[in-house]
Amino acid sequence: MSNHPEPNAVHPEGLETDGKALLEGTFADKLKSIFDEVMTSVTGNTDEDLPPVNLNDLKAEITRQKPAEFGFIDVYSTLTDSTTVAPPPIPDSNMPSDSTDTDTPTDSTDADEPIPPPPPVKYKWIPERNGNLWYRTRREAENRLERLARQGVCEDGTCQIQQFRPYGSWWRRGYRVLLRVVDDGTGTPGVPPPPKTGVEVHVNLTIPQQVKLFWEDENKQDLVFEASAGEVTEELIGDTLYPITKRADPLLKLGRWGLLYFALFKLDRGIGFHSNLANPLRKTLCDEGAETYCEPEEELYDRVKWGLVVDGTPRSHGCVRLKHDDAKTLFEAIDRKTKVRVYKEKTWLNPSWMPETPIV
């Protein structure tokens, strides 16, 4: 890896040239990702830009799979929590009964007492496929609703169309179909689960730099990963607990660096966790000083496989690099809004659910 230039820029890998962190990919990005994976499996591509050990890890971990449809949507912040409707009509007491109980007298004094109505039924409105199925025009959403109506899914007002702003986008509009489902208080299939409150991640920038995954469940063992962050990361040191925002598809190659298993915890700065196996644009490497990637000009926006160093020392632009397997483990353990704390101490601090131990 000695021939790989180390980053010189002051901006984290996750911060794009327009000053935004990418959370979702376009339809073209998804098609390109699928095409690249198919070509790699067919041609047995052995890119010389990545050392053999990293290339083997990459091939073992990146499997062909259908990417998630668009970004994650927080339905709890955009939808009405519940809707109350009128209870069903009370059955006519003159109708024949299926009961075989003949001991109850028909002239009972309780016969005329009114039957209390059942509690009102509560409903939730949830987007199709967890919010991953949406359209750029209202007409496309209407076509989807009409198709669901023909299938018997949408009838008697059980579906409606909602306009919303896709997550991570400040200017685009989207449309999706909402389904009305019974709210039984235990959660509904298709609704995102609540954040995992029993997980917390600490980044300790003392050399060797490490990341620790704390579990509130005492039956689970805390995990410690070797990491490489940067000087920019130290600007986040403090008592602040930063909420995590995960990409919908951890294997979709987006942005200048094509980061895998990217989980942001400082969205406006583009700082987050990611794998040390990346797929940067040739132009990105050219801008970093690797002149061999500056030519030919027509290939500047092609991606190459690239191995980033993780050795417990500051090496990144500002993100927190993890070895590929560790990045995958962390990505699967955390959730949206999982808390992250950054500090530089000789020992690990306690997670937020435990009393802090005084530093001696």
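Procedures and definitions
- Residues numbered from 1 in each chain as written.
- Predicted model: local features only at pLDDT ≥ 70, side-chain atom pairs only at ≥ 80, totals over all residues.
- Heavy atoms only, no water.
- Disulfide = S-S within 2.5 Å.
- Buried < 20%, exposed > 50% of the residue type's maximum accessible area, 1.4 Å probe, protein only.
- pLDDT = per-residue confidence, 0-100.
- Contact = heavy atoms within 4.5 Å.
- Salt bridge = Lys/Arg side-chain N within 4 Å of Asp/Glu carboxyl O.
- Helix = DSSP H or I, 4+ residues; strand = E, 2+ residues; numbered from the N terminus.

Undergrad: Go over the state of the cysteines, please, and point to the residues and values.
TA: Counted under the stated rule, the structure contains two disulfides. Between the sulfur atoms of Cys 154 and its disulfide mate Cys 159 the distance is 1.8 Å. Taking the torsion about the sulfur-sulfur bond, which here is approximately -75°, the covalent link between Cys 154 and Cys 159 counts as left-handed. A single burial state applies to Cys 154 and to Cys 159, both of which are buried. The disulfide partner of Cys 286 is Cys 294, and the gap between their sulfur atoms is 2.0 Å. Torsion about the S-S bond of the Cys 286 and Cys 294 cystine: about 100°, corresponding to right-handed handedness. If you count the bonded cysteines of the protein chain from the N-terminus, they pair up as 1-2, 3-4.

Undergrad: How would you summarise the confidence of the model for the protein chain if you had to cite specific residues and measurements?
TA: Here the protein chain averages 76 in pLDDT, while 69% of its residues score no lower than 70. Ignoring residues within four places in sequence, the model shows residues 1–8, a span with pLDDT below 50, making 21 contacts including any to other chains. In the model, residues 188–193 has pLDDT below 50 throughout and makes 16 contacts with residues more than four positions away in sequence or in other chains.

Undergrad: I'd love a proper account of the pattern of salt bridges, names of residues and values included.
TA: In this structure the tally under the stated criterion is 13 salt bridges. Two residues, Glu 128 and Arg 144, come together in a salt bridge whose shortest N-O distance is 2.8 Å. With Glu 128 in the loop between strand S2 (122–127) and helix H4 (138–150) and Arg 144 in helix H4, the pair connects residues that are 16 residues apart, well separated along the chain. Judged by its relative accessible area of 6%, Glu 128 is buried. For Arg 138, the salt bridge goes to Glu 142, with nearest N and O atoms at 3.5 Å. In this pair, Arg 138 and Glu 142 both sit in helix H4, four residues apart, roughly one turn of the helix. Residue classification places Arg 138 among the partly exposed residues on the basis of a relative accessible area of 40%. Members of the salt-bridge network, linked through shared partners, are Arg 138, Arg 139, Glu 142 and Glu 146.

Undergrad: Any details on unusual backbone geometry? Residues and values, ideally.
TA: A cis amide bond links Ile 207 to the next residue, Pro 208, at an omega of 0°. Here Glu 295 and Pro 296 are connected by a cis peptide whose omega angle stands at -5°. Position of Pro 296 relative to the elements: it lies in the loop between helix H5 (282–287) and strand S13 (306–307). Although it is not a glycine, Tyr 261 sits at a positive phi angle of roughly 50°. By the secondary structure assignment, Tyr 261 is in the loop between strand S9 (245–246) and strand S10 (263–266).

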